[in-house]
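Coordinate inspection notes
Chain by chain, the residues:
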Amino acid sequence: MPPRTLLLEPGTTIPEVAVAIERSVQFLSARGVSKQCLYAAELALEELQTNVLKYAHADGVARPFRVEVEDDGVECVWIRVFDEGHAFDPWAAADPVKGKPLLERMPGGQGLMLVRKFCRSCEYERRDGRNCVTVEILRASEAK
Amino acid sequence: MLLHDLGTKDGVSVVELNGHMGLTAVQEIEPAFKSATSSKGNNVVVDLRGVDYISSFGVRLFLDVIQELEKKGKKMVFVAPTSDVQKVLIACEMDTMAGIEADQPSAIARLRA
């Protein structure tokens, strides 16, 4: 079995983020996590990294960021995304309002809502001048 | 990600999607998907049996097309999403904006009713 933690420093473009997602999914797949866990992990990796590109780099400065994927081999997988952008807690935003008329619906905010839905817990902390976003996913099946 | 434009059946445009509907795939198929769906002015069936993954980027594309169809008085129905894909669609309320049916004939019948 591969080591329990994968560390990645994706570039700041969409194709580089896509490569990081693919490598993370291959890593978790090789460690034997469930199909549902892989789905949730890929969703979280995609939504969290693109969120960093959108908000941490909103001032036009491309700052490097780091991704950690950890599997305890028993119960949980953790995905942590560290970035050096401005303090930004993605979980502070409310989910999109439900039940709006079709033509008034806006796509924003759905990605993080989905991560909340597929992951057991979602946390944020500002540490040493960096944002750290962590999600926890059950290895065996989805949480909700 | 593969898109098959199956043309028109009983006046309904039918499109089949296969593969992984993630960030980069959605960017790749967006023009062809819009051309096969909202551009034609028909009701639309989107067969999702072969889609094993969708994120908010795919949902965004569907929302965009459903809103375009709505402006033309047309609707979309999805066919047979896998359980995880269906969970995403329902979480994003896509089931209230477009129908979900078990197979293509049922989806076409629903749009012709």
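This part covers the overall build of chain B. A count of helices and strands for chain B gives five helices and five strands. Here chain B has a C-alpha radius of gyration of 12 Å; the compact-globule value for 113 residues is 13 Å, and the two agree. By its C-alpha atoms, chain B is 30 × 25 × 25 Å across when sized along the principal axes. Going through the 113 residues of chain B one by one, you find that 47% of them count as buried. Within chain B, counting contacts between residues at least 6 apart in sequence, those at least 24 apart form 73% of the total.

A word on the sheet that holds strand β3 (residues 76-83) of chain A. Residues and elements named next belong to chain A. The five strands are arranged β1-β2-β3-β5-β4 in an open sheet whose pairing can be described as antiparallel. Both edges of this open sheet fall to β1 (5-8) and β4 (121-127), since each of them pairs with a single strand only. The mean inter-strand angle of the sheet, taken between neighbouring strand axes irrespective of direction, is 15°. Across eight bridges, the pairing between β3 and strand β5 (residues 130-138) is antiparallel. The residue bridging Asp83 from the neighbouring strand is Asn131, located in β5. Against the sheet, helix α2 (residues 35-56) contacts β2 (65-71), β3 and β5, and its axis sits at roughly 10° relative to β3.

Right, let's talk about the interface of chain B and chain A for a bit. Counting residues at the interface gives 18 residues for chain B, matched by 20 residues for chain A. Within the residue set of the side of chain B that touches chain A, elements represented by two or more residues are α1 (23-36), α2 (56-71) and α3 (83-91) of chain B. Per-element tally for the side of chain B that touches chain A: the top contributor is α2 of chain B, with seven residues.

Residue and element names in this part refer to chain B. When strand β1 (residues 2-9) meets strand β2 (residues 12-21), the two strands line up antiparallel, connected through six bridges. Residue Leu2 lies in a different strand from β2, and its bridge partner there is Asn18. As paired elements, β2 and strand β3 (residues 43-54) share nine bridges and run parallel to each other. Bridging from a neighbouring strand, Gly19 pairs with Val51 of β3. Read as a crossover between parallel neighbours, the route from β2 over α1 to β3 is right-handed.

We now examine the nonpolar core. Ala40, Ala41, Ala44, Ile79 and Val115 of chain A together with Val45 and Val46 of chain B are the most contacted members of the largest nonpolar core, which has 74 residues in total. It is α2 of chain A that contributes the most residues to this core, 11 residues altogether.

Take α3 of chain B next. Restricting attention to buried positions, one finds in α3 of chain B the residues Asp84, Val85, Val88, Leu89 and Ala91 of chain B. Viewed end-on, α3 of chain B has its buried residues packed into an arc of 165°, placing them on one side of the element. Of the surrounding elements, those touching the buried residues of α3 of chain B are α2 and α3 (110-118) of chain A together with β3, α2, β4 (76-79) and α4 (94-97) of chain B. In the stretch just after α3 of chain B, Glu93 of chain B is the one whose phi turns positive, near 60°.

Glancing now at the pairing of β4 of chain A. Residues and elements named next belong to chain A. Pairing analysis gives seven bridges linking β4 to β5, with the strands arranged antiparallel. Across the sheet, residue Glu123 finds its bridge partner in β5, namely Thr134. Hairpin connection of β4 to β5: two residues between the antiparallel strands, including Asp128 at a positive phi of 50°.

So, about the sheet that holds β1 of chain B. Residues and elements named next belong to chain B. Taken in spatial order, the five strands of this open sheet run β1-β2-β3-β4-β5, and their pairing is mixed. On the outer flanks of this sheet lie β1 and β5 (99-101), each paired with one strand and no other. On average, each strand axis in the sheet is tilted by 25° relative to the strand beside it, whichever way the strands run. When β3 meets β4, the two strands line up parallel, connected through four bridges. Considered in β4, the bridge of Val45 is made with Val77. Along the sheet, α1 makes contact with β1 and β2, crossing β2 at roughly 175°.

The next thing to look at is the packing of α2 of chain A against α3 of chain A. All names here are of chain A. At a minimum axis distance of 9 Å, the contact between α2 and α3 shows a crossing angle of 150°. As summarised for this structure, α2 and α3 are arranged roughly antiparallel, according to the angle between their axes. Considering only the axes of α2 and α3, their crossing is left-handed. For the pair α2 and α3, contact is made by Tyr39, Ala40, Leu43, Ala44, Glu47, Leu48 and Asn51 and by Gly111, Leu112, Leu114, Val115 and Phe118, respectively. Its residues placed into classes, the contact of α2 with α3 shows nine nonpolar, two polar and one charged.

Criteria and thresholds
- Residues numbered from 1 in each chain as written.
- Chains lettered and ligands numbered in written order.
- Predicted model: local features only at pLDDT ≥ 70, side-chain atom pairs only at ≥ 80, totals over all residues.
- Helix = DSSP H or I, 4+ residues; strand = E, 2+ residues; numbered from the N terminus.
- Rg over C-alpha atoms; globule rule 2.2 N^0.38 Å.
- Buried ≥ 20, exposed ≤ 12 C-beta atoms within 10 Å, placed from the backbone.
- Contact = placed C-beta atoms within 7 Å.
- Pairing = 2+ DSSP bridges.
- Axes fitted to C-alpha atoms, helices over the stretch in contact; angles between N-to-C directions.
- Right-handed = clockwise from strand over helix to strand, strands pointing away.
- Core = buried A, V, L, I, M, F, W, Y, C linked by C-beta atoms within 7 Å.
- Arc of directions from axis to C-beta.
- Parallel < 35°, antiparallel > 145°, perpendicular 65-115°, else oblique.
- Left-handed = near helix turned anticlockwise from the far one by under 90°.
- Nonpolar A, V, L, I, M, F, W, Y, C, P; charged D, E, K, R; others polar.

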